[in-house]
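# Structure at a glance
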Amino acid sequence: MTTQKHKSETLLLIGFVFSMFMWGLSWPSGKVAAAYGASVTIVLIRYSVVFISFLPIFFFMKASMVISRKGFLPLLAASLLLSLYTFLFFYGLKNGLAGAGGVLVTTMNPIMAYGIGLILNKKRPTRNEAIGLFIGLLAGATLLKIWGNLNELFDSGNLYFLLAAFVWAVMSRITSKAYNYGSSMGFSLWMYLATILIMLPLVDYTDLNTTLQTADQYFWWNIIFSAVFATSLATTYYFYATTTLGPEKASSFIFLVPVSAALSSWLFLGEVLHLHTIIGGILGIAAVYMINRKKV
């Protein structure tokens with residue numbers, strides 16, 4: 001019985017590691033897709049594929065589609081934030097490096113989320129939390145290379161990545177309470193659909209038509225990968241595994257995402273990470289570790 005349990009947990013951990021690498025790989029994959037059209041156009045196409053691919057998973061899991069009326073406003077807010085995050089994601093990738101963006105967003109996101117939580121709960125940080133947040137500020141400053149030219153900050157796409165990390169942190173505060181309104185998978189399904197509906201009046205249909213006409217297999221492989229594997233499958237698996245492993249153990253695996261994003265961007269796109277990105281990423285991981293470290 002113990003051996004069977006050990007095997008199950010091992011398979012669960014392997015799946016978790018695989019999911020985190022899928023998240024990391026979505027950065028170079030997203031950069032390839034971003035080159036084919038306007039950011040709003042790519043967002044619409046991506047979430048259309050996400051919604052379609054999520055449907056069979058949703059019904060296989062036998063999740064409920066019903067959410068309470070109290071969940072309508074949070075659903076709308078989460079959908080608007082998801083739309084904005086994905087727009088910033090693709091817009092940043094048009095101008096910047098996928099590896100640098102992956103490191104910046106995935107290291108700063110949990111730090112920002114924790115800081116927002118402290119402010120909203122009017123809670124004073126513990127000693128470890130304060131140290132972690134300070135290291136997080138150093139990480140952000142290093143990743144953004146604030147000592148450089150301000151024009152370089154905009155041209156590198158890092159400002160959009162920073163805004164994307166903040167938007168995701170705010171959105172995560174809303175989606176973390178999704179279970180209060182019904183099935184969390186049902187909330188996700190409606191959120192993906194709402195994101196598509198939000199994009200419809202904003203998209204330039206001439207650009208959409210041009211993108212679809214010029215899209216080749218390279219484009220569709222990257223869209224399918226980022227939508228199906230990195231979003232529908234990996235994210236769904238993450239939520240499932242978190243309920244089994246627990247949030248503390250699960251959160252430690254997120255450290256694999258910036259590593260995966262950096263390595264895959266170097267391998268597939270030939271990007272070379274700058275020293276300040278590597279140092280900033282290490283500081284960001286150290287910050288998250290200190291924030292989550294239990295007081296002895």
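Note that the structure is predicted; figures quoted are calculated from it, not measured. Within every chain, residues take consecutive numbers counted from 1 along the sequence as written. The predicted nature of this model means local features are confined to residues of pLDDT at least 70 and side-chain atom pairs, given and counted, to a pLDDT of 80 or more, with totals for whole chains, interfaces and linings taken over all residues. Side-chain numbers here rest on the full set of heavy atoms in the structure, without hydrogens or water.

### What about the nonpolar core?
The line we're drawing: Nonpolar cores are built from buried Ala, Val, Leu, Ile, Met, Phe, Trp, Tyr and Cys residues. Side-chain atoms within 4.5 Å join them into one set. With a 1.4 Å probe rolled over the protein chains alone, any residue whose accessible area is under 20% of its type maximum counts as buried; one over 50% counts as exposed, and the rest are partly exposed. Each helix is a run of DSSP H or I of at least 4 residues and each strand a run of E of at least 2, with the numbering of both proceeding from the N terminus. Working rule for contacts: check all heavy atoms of both residues, and any pair within 4.5 Å makes them a contact.
Trp27, Met108, Tyr192 and Phe219 are the most contacted members of the largest nonpolar core, which has 71 residues in total. With twelve residues, the top contributor of residues to this core is helix H2 (residues 39-60). Not counting residues within four places of it along the chain, the set of residues in contact with Met108 comprises Gly136, Ala139, Gly140, Leu143 and Ala165.

### Looking at the packing of H2 against helix H9 (residues 205-214)
Quick reminder of the rule: What counts as an axis is a line fitted to C-alpha atoms, over the stretch in contact for a helix, and the angles between N-to-C directions run from 0 to 180 degrees. Each crossing gets its handedness from the near helix: less than a right angle anticlockwise from the far helix is left-handed, clockwise is right-handed.
For the pair H2 and H9, interaxial distance at closest approach is 9 Å and the crossing angle is 65 degrees. As H2 runs across H9, the sense of the crossing is right-handed. Residues Thr41, Ile42, Leu44 and Ile45 of H2 form the contact with H9, whose participating residues are Asp207, Leu208, Thr211 and Leu212.

### Some points on the confidence of the model for the protein
When pLDDT drops low, the exact placement of atoms in the prediction is not to be read closely. For clarity, the threshold we go by: Values of pLDDT, which run from 0 to 100, indicate the predictor's confidence residue by residue.
Per-residue confidence for the protein gives a mean pLDDT of 83, with 87% of residues at or over 70. Element-level mean pLDDT values for the protein span from 58 in helix H11 (residues 247-252) up to 95 in H9.

### Some thoughts on the packing of H2 against helix H8 (residues 184-199)
Under the convention used in this document: Oblique is the label for every angle not falling under 35 degrees (roughly parallel), over 145 degrees (roughly antiparallel), or within 65 to 115 degrees (roughly perpendicular). Note on residue categories: nonpolar means Ala, Val, Leu, Ile, Met, Phe, Trp, Tyr, Cys or Pro, charged means Asp, Glu, Lys or Arg, and polar means any other residue, Gly included.
It is the contact of H2 with H8, at a shortest axis distance of 9 Å, that shows an interaxial angle of 150 degrees. When the axes of H2 and H8 are compared, the pair comes out roughly antiparallel. Considering only the axes of H2 and H8, their crossing is left-handed. Facing H2, whose interface residues are Val40, Val43, Leu44, Tyr47, Ser48, Val50, Phe51, Phe54, Leu55, Ile57 and Phe58, H8 presents Met185, Gly186, Ser188, Leu189, Tyr192, Leu193, Thr195, Ile196 and Met199. Here the contact of H2 with H8 is built from residues that sort into 16 nonpolar, four polar and no charged.

### A word on the pattern of salt bridges
Spelled out, the test is: The salt bridge criterion pairs a side-chain nitrogen of Lys or Arg with a carboxyl oxygen of Asp or Glu, the two atoms within 4 Å.
Scanning the entire structure with this criterion turns up one salt bridge. With its nearest N and O atoms 3.9 Å apart, the salt bridge here joins Lys123 to Glu129.

### Digging into the packing of aromatic side chains
Just so we agree on the cut-off: A pair of aromatic rings is counted whenever rings of Phe, Tyr or Trp (Trp by its six-membered ring) have centres within 6.5 Å, and the orientation is called stacked for planes under 30 degrees apart, edge-to-face for over 60 and tilted otherwise.
Summed over all chains, the structure comprises 15 aromatic pairs. Seen from their ring centres, Tyr36 and Phe219 are 4.8 Å apart, and the 50 degrees between their planes marks the pair as tilted. On the criterion of sequence distance, the pair formed by Tyr36 in the loop between helix H1 (2-34) and H2 and Phe219 in helix H10 (residues 217-245) is long-range, its members being 183 residues apart. Overall, Phe219 belongs to the buried group, its relative accessible area being 0%. Counting every residue linked through ring pairs, the aromatic cluster contains Trp27, Tyr85, Phe89, Phe90, Phe161 and Trp168.

### Re a nonpolar patch on the surface
Keep this limit in mind: Patch rule: a residue counts if its relative accessible area is over 30% and it has no salt bridge; like charges are joined within 9 Å, and nonpolar side chains (Val, Leu, Ile, Met, Phe, Trp, Tyr) within 5 Å. The Shrake-Rupley method, run with a 1.4 Å probe sphere, supplies the accessible areas, and residue values consider only the shown protein chains as cover.
Judged by side-chain polarity, Val259, Leu263, Trp266, Leu267, Phe268, Leu269 and Val272 come together as a nonpolar surface patch covering roughly 740 Å² of accessible area. Here Val272 lies in the loop between helix H12 (256-269) and helix H13 (275-292). Classification of Val272 by relative accessible area gives exposed; the value is 59%.

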